[in-house]
Amino acid sequence: NNGTWIFDTKLTLDQWNDQAKREENDQFGYSVDIKDDVIIIGAPNHSTDQDGLDPKPAAGAAFVYRYTTDAGGYTGWIPEEKLTGGGQDRVPMDHH
């Protein structure tokens with residue numbers, strides 16, 4: 001739209017289920033990448049894995065949202081996936 005921004009949706013970890021286990025100092029939004037209908041938002045201080053388990057301080061995570069319509073008819077940025085390092089690759093203070 002002629003180089004102007006239009007506010008659509010505020011993306012927060014609150015949109016994720018309890019598995020995300022939002023933490024106060026996650027730094028959610030520290031990095032953002034947008035391509036077409038996908039946004040990836042970094043949280044370098046996030047501690048839990050994909051299942052909300054195995055806390056490792058500041059191991060880091062990235063959250064993927066897709067602009068789509070969900071089963072309930074809501075159109076907007078829908079949480080799609082939580083990315084973290086796995087196994088031995090996920091270590092404290094890695095800020096993945």
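See the structure printed just above.
This write-up is about the structure you can find in this document. This one's a predicted model, so the numbers in the text were calculated from it and none came from an experiment. (Residues numbered from 1 in each chain as written. Predicted model: local features only at pLDDT ≥ 70, side-chain atom pairs only at ≥ 80, totals over all residues. Heavy atoms only, no water.)

1. Section: the overall build of the protein chain
Point 1. Helices and strands together make up the secondary structure of the protein chain, namely zero helices and four strands.
Point 2. Helices and strands in the protein chain line up, N terminus first, as β-β-β-β.
Point 3. For the protein chain, the residues scored as buried account for 34% of the 96 residues in total.
Point 4. Sequence separation of 24 or more characterises 49% of the internal contacts of the protein chain that already satisfy a separation of 6 or more.
Point 5. Per element, the accessible surface of the protein chain, about 6,400 Å² overall, is 48% carbon and sulfur. (Helix = DSSP H or I, 4+ residues; strand = E, 2+ residues; numbered from the N terminus. Buried < 20%, exposed > 50% of the residue type's maximum accessible area, 1.4 Å probe, protein only. Contact = heavy atoms within 4.5 Å. Areas by Shrake-Rupley, 256 points an atom, 1.4 Å probe, with all protein chains shown as cover.)

2. Describing the side chain of Asp 26
Point 1. Looking at the secondary structure, you find Asp 26 in the segment before strand 1 (31–35).
Point 2. Judged by its relative accessible area of 2%, Asp 26 is buried.
Point 3. Here the side chain of Asp 26 touches His 46 through a polar contact of 2.8 Å, side chain to side chain. (Polar contact = N/O pair within 3.5 Å; in protein donor to acceptor, adjacent residues only side chain to side chain.)

3. Describing the pattern of salt bridges
When charged atoms on two side chains of opposite charge get close, those side chains can pair.
Point 1. Counted according to the given criterion, the structure contains two salt bridges.
Point 2. The salt bridge involving Asp 37 is made with Arg 66; its shortest N-O contact spans 3.2 Å. With Asp 37 in the loop between strand 1 and strand 2 (38–43) and Arg 66 in strand 3 (residues 61–69), this residue pair connects regions lying 29 residues apart in the sequence.
Point 3. In this structure Asp 37 comes out as partly exposed when scored by relative accessible area, which is 31%.
Point 4. Between Glu 80 and Arg 66 there is a salt bridge, and its shortest N-O distance comes to 2.7 Å. (Salt bridge = Lys/Arg side-chain N within 4 Å of Asp/Glu carboxyl O.)

4. A short note on the pairing of strand 1
Point 1. Within strand 1, only zero of the five residues are buried, leaving the element largely exposed.
Point 2. Between strand 1 and strand 2, which follow one another and run antiparallel, lie two residues, and Asp 36 among them has a positive phi close to 55°. (Pairing = 2+ DSSP bridges.)

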